[in-house]
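Structural features, examined
One-letter residues, chain by chain:
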Amino acid sequence: MPKDHQKNKATEQTDEFRQLFQLYKNRVLNTALGLVQNRQDAEDVTQEVFVSLYQHLTTFRGDAQLLTWIYRITVNKSLDFLKAKQAKKRSGFIVSLFGGKTEAEKPVDIPDFVHPGVLLEKQEAATALFKAIQQLPESQKVAFTLAKIEGLSYQEIANILQISLSSVESLLFRAKQQLQKILHDFYTNEFLK
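Residues numbered from 1 in each chain as written. Predicted model: local features only at pLDDT ≥ 70, side-chain atom pairs only at ≥ 80, totals over all residues. Heavy atoms only, no water.

**Structural notes on the environment of Lys25**
With respect to the helices, strands and loops of the structure, Lys25 is situated in helix 1 (residues 3-36). On the basis of relative accessibility, which here comes to 27%, the residue Lys25 falls in the partly exposed class. In the structure, Lys25 is positioned 21 residues away from Thr46 in sequence and 7.5 Å away in space, judged by C-alpha atoms. Beyond its immediate sequence surroundings of up to four residues, Lys25 is in contact with Thr46 and Phe50. (Helix = DSSP H or I, 4+ residues; strand = E, 2+ residues; numbered from the N terminus. Buried < 20%, exposed > 50% of the residue type's maximum accessible area, 1.4 Å probe, protein only. Contact = heavy atoms within 4.5 Å.)

Dropping the structure here:
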């Protein structure tokens, strides 16, 4: 292949990627933010998502819609990030055995971000909600975030998570039940203070 043709193809791919980035960067960041609940971490995840997209853009087969594929990568990168963070916390426990603070003595992670979809006067309630979402099992957390924070349809969520529509409905039902219990306890305790 002539060098000029290769150069043009590389330029086309870069331009295509730049458009992709501009079109989807906010969706990726917001999804990551809803899952990792820390702005800096969400920015790091977003960067990882776009690096992965750039590396694999030529291998996208079109089996799913492009947006579905991007959401799937975002969810996977976010979950990988959270798992790595948990592993780091567990290894920190060993350090605490030799004189550091134990995990129980450290404050619970409280979301340190403002989600773009939350109005200023609702920040306290949003913080309580995001803290409750952190307590959900992984699959419920992802389904709830995609449905209620990103506003995706059940079918879109099923496509992203590669599960049935009834499984999405079940995950969301259980997530809502669990959140109602957690938030009821939170607001009861807050009211009694």
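**Some remarks on helix 2 (residues 39-56)**
Helical periodicity: at 3.6 residues per turn, an α-helix aligns residues three or four positions apart in one direction. Taking 1.5 Å of rise per residue, 18 residues should cover 26 Å, and helix 2 covers 25 Å from first to last C-alpha, within 8% of that figure. Considered for burial, the residues of helix 2 that qualify are Asp41, Ala42, Val45, Thr46, Val49, Phe50, Ser52 and Leu53. At the N-terminal boundary of helix 2, the capping side chain belongs to Asn38, with an oxygen 3.0 Å from the backbone nitrogen of Gln40. (Expected span 1.5 Å × (residues − 1). Polar contact = N/O pair within 3.5 Å; in protein donor to acceptor, adjacent residues only side chain to side chain.)

**So, the nonpolar core**
Core analysis: the largest hydrophobic core is formed by 46 residues, its most contacted members being Leu20, Leu53, Val75, Phe144 and Leu146. Of all elements in the fold, only helix 1, helix 2, helix 3 (66-97), helix 4 (123-134), helix 5 (138-149), helix 6 (154-161) and helix 7 (165-192) reach the threshold of two or more residues within this core. (Core = buried A, V, L, I, M, F, W, Y, C linked by side-chain atoms within 4.5 Å.)

**A short note on a negative patch on the surface**
On the surface, a cluster of negative charge is made up of Asp44, Glu48, Asp80 and Glu138. Checked against the element boundaries, Asp44 lands in helix 2. The class for Asp44 is partly exposed, based on a relative accessible area of 31%. (Patch = residues over 30% accessible without salt bridge, like charges linked within 9 Å, V, L, I, M, F, W, Y side chains within 5 Å. Areas by Shrake-Rupley, 256 points an atom, 1.4 Å probe, with all protein chains shown as cover. Salt bridge = Lys/Arg side-chain N within 4 Å of Asp/Glu carboxyl O. Lys, Arg positive; Asp, Glu negative; His and termini not counted. Charge placed at Lys NZ, Arg CZ, Asp CG, Glu CD.)

**Some thoughts on the packing of aromatic side chains**
A ring pair, where both rings are aromatic, is described by two values, the distance of the centres and the angle of the planes. Counted by the stated rule, this structure contains three aromatic pairs. Pairing Phe17 with Phe50 gives two aromatic rings, centres 6.2 Å apart and planes at 75°, and the pair type is edge-to-face. In this pair, Phe17 is assigned in helix 1 and Phe50 in helix 2, connecting sequence segments 33 residues apart. Classification of Phe50 as buried rests on a relative accessible area of 4%. Centroid distance Phe21 to Phe50: 4.8 Å. Interplanar angle 75°. Geometry classified as edge-to-face. (Phe/Tyr/Trp six-rings, centres within 6.5 Å; stacked < 30°, edge-to-face > 60°.)

**So, unusual backbone geometry**
Of note in the backbone geometry, Gln37 takes a positive phi value of approximately 55° without being a glycine. One non-glycine residue, Gln162, adopts positive backbone phi at about 55°. Relative to the helices and strands, Gln162 resides in the loop between helix 6 and helix 7.

**A closer look at the confidence of the model for the chain**
For the chain, the mean per-residue pLDDT works out to 81, and 75% of the residues sit at or above 70. A low-confidence stretch, residues 101-110 (pLDDT under 50), is modelled with 11 contacts involving residues beyond four sequence positions or located in other chains. (pLDDT = per-residue confidence, 0-100.)

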